[in-house]
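Structural overview for review
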Amino acid sequence: MKIVCVIPAFNEAKNILQVVSAVRSYVDEVIVVDDASRDATANLAEQAGATVLRHVINRGQGAALRTGTQAALKANADIIIHFDADNQFQANEIPEVIRPLLTGQAEAVLGSRFLTKKSNLPLTKRIIIHPLARFVNRLFFKIRLSDPQSGFRALKSEVAAKIKIENDGMAHCSEILYQLFKNKVKVTEVPITVTYHNYGQSFGGGLKIILDLLIQKLIK
Amino acid sequence: MIQQILALIVIIFFLIRLFSQKKKKEINSNEFLLWLVFWLLAAAAVIFIKQIDQLVRLLGFSGTAINILVYLVVLALIYQVFRLRLAIAKMEKNISELNQQIALKK
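Residues numbered from 1 in each chain as written. Chains lettered and ligands numbered in written order. Predicted model: local features only at pLDDT ≥ 70, side-chain atom pairs only at ≥ 80, totals over all residues. Heavy atoms only, no water.

**Quick look at the overall build of chain B**
The cut-off we apply is this: Segments assigned H or I by DSSP are reported as helices when at least four residues long, segments assigned E as strands when at least two residues long, and all are numbered from the N terminus. By definition in these notes, contact holds between two residues if any of their heavy atoms fall within 4.5 Å. Accessible surface is estimated by sampling points in the Shrake-Rupley manner with a 1.4 Å probe; for residues, cover comes only from the protein chains shown. The charge count treats Lys and Arg as positive and Asp and Glu as negative. His and the chain ends do not count. Every charge is mapped to an atom, namely NZ of Lys, CZ of Arg, CG of Asp or CD of Glu.
Helix and strand content of chain B: 4 helices and 0 strands. Ordering the α and β elements of chain B from the N terminus gives α-α-α-α. Structurally, chain B occupies a C-alpha span of about 65 × 35 × 20 Å along its principal axes. Counting only contacts in chain B whose residues sit at least 6 apart along the sequence, the fraction spanning at least 24 positions is 44%. A total of about 8400 Å² of accessible surface is found on chain B, and carbon and sulfur atoms cover 71% of it. Here chain B contributes 13 positively and 5 negatively charged side chains, and the mean placements of these two sets differ by 4 Å.

**Quick notes on the interface of chain B and chain A**
Cut-off, in case you're wondering: Summed over both partners, the accessible area lost on bringing two parts together, with a 1.4 Å probe, is the buried area. Salt bridges are defined as contacts in which a side-chain nitrogen from Lys or Arg sits within 4 Å of a carboxyl oxygen from Asp or Glu. Under this definition, polar contacts are N or O atom pairs within 3.5 Å; protein pairs additionally need one hydrogen-donor-capable and one acceptor-capable atom, and for neighbouring residues in sequence, both atoms have to be side-chain atoms. Note on residue classes: Ala, Val, Leu, Ile, Met, Phe, Trp, Tyr, Cys and Pro are nonpolar, Asp, Glu, Lys and Arg are charged, and everything else, Gly too, is polar.
Chain B puts 15 residues into the contact, and the matching count from chain A is 17 residues. Across the chain B/chain A interface, buried area totals approximately 1500 Å², and carbon plus sulfur atoms make up 61% of it. When residues of chain B are sorted by the area they lose upon contact with chain A, B:N99, B:Q100 and B:L104 head the list and together hold 34% of the total. Summed over the shared surface of chain B and chain A, the number is 2 salt bridges. Here B:E92 and A:R59 are joined by a salt bridge, their closest N and O atoms 3.9 Å apart. Between chain B and chain A we count 8 residue pairs in polar contact (both at pLDDT 80 or more) in total. Looking at the side of chain B that touches chain A residue by residue, the classes come out as 7 nonpolar, 3 polar and 5 charged.

**Overview of the packing of aromatic side chains**
Under the convention used in this document: The pairing test for Phe, Tyr and Trp rings, Trp by its six-membered ring, is centres within 6.5 Å, and the orientation test on the planes gives stacked under 30 degrees, edge-to-face over 60, and tilted for anything in between. Exposure classes here rest on a 1.4 Å probe applied to the protein chains alone. A residue is buried below 20% of its type maximum, exposed above 50%, and partly exposed in between. Placement of a positive charge over a ring is assigned whenever Lys NZ or Arg CZ falls within 6 Å of the ring centre and within 35 degrees of the normal to the ring plane.
Enumeration over the complete set of coordinates arrives at 8 aromatic pairs over all chains. Aromatic side chains A:F83 and A:F89 sit 5.5 Å apart centroid to centroid with 70° between the ring planes, which places their arrangement in the edge-to-face category. On the basis of relative accessibility, which here comes to 2%, the residue A:F83 falls in the buried class. A:F89 sits in the buried class, given a relative accessible area of 6%. Seen in terms of ring centroids, B:F13 and B:F14 are 5.3 Å apart; in terms of plane orientation they differ by 70°. Their pairing is edge-to-face. Assessed through its relative accessible area of 47%, B:F13 is described here as partly exposed. One aromatic cluster is present, formed by B:F13, B:F14, B:W35, B:F38 and B:W39 through successive ring pairs. Sitting over the ring of B:F32, B:K22 keeps its end group 5.9 Å from the ring centre.

**Remarks on the confidence of the model for chain A**
Short version of the rule: Per-residue confidence from the prediction method is given by pLDDT, with values spanning 0 to 100.
Of the residues in chain A, 83% have a pLDDT of 70 or more, and the chain-wide mean is 86. When pLDDT is averaged over each element of chain A, strand β2 (residues 29-34) of chain A comes out on top at 98 and helix α8 (residues 203-219) of chain A at the bottom at 66.

Following this line, the structure appears as structure tokens:
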């Protein structure tokens, strides 16, 4: 059973060494997609033992995840994990996240910041942005999940091959959820802990996600 | 009358520019045709402004022909911006695809 972790990274020299080193203990291979960083992200990721793919121009987290997932499929991964480069997730939670895949309980696992574990979510995110995102997911995609925008997920390779991430930006989270439900994939949520070092997605960023999703529908 | 002459001078200026761009092959035939029709219609609207005024009244609109023309131009521009947005989104998608192919080849 080959487990590959895909980490999209943009200007993460500060965290990437620590993140890759921590993740490596729990997976067979770490693929870092350097989304045209202007700092030493790529070199540091390589030093930490990751396979590094470089985007020649910055295209966003969705595009980097798409490249990384393709590379993981090419590397014959059985399980593909998506993980953030900014050190907000706990690598030691990887075994808990992939357990439902190993036991056959699920084909896709989504980490949730809103189940039993405590994350230090900023107040505005907890009471405005996430409820709004949940509402958008329900409205656009008829999806009911506790965490609408989690970047920590694990997919069986057959599922990852079916998911076509079209959005280059942050709208990929909603897009992945939609495709999981559209393809009738067995999905489960697992509690995860998130440590916020910065605010992350702002309200404006949330609105951009909605706009991206609309444009995506129109250009299809 | 002076306003009409001024408007026609502006339109002729844009038409000359359009033909010069076509000559230098800076725009393709479809784009050339689209703008040619646009400026010729604009010139026709300026020349036949009185007839359009009568038509506008006949159709029951309270505004003058020039007002209606401005509204139509604004609508056309909004539509053009919308089309451009979609075209850019498609181009960005292609750039991402290319970016991915390069990253995966190395």
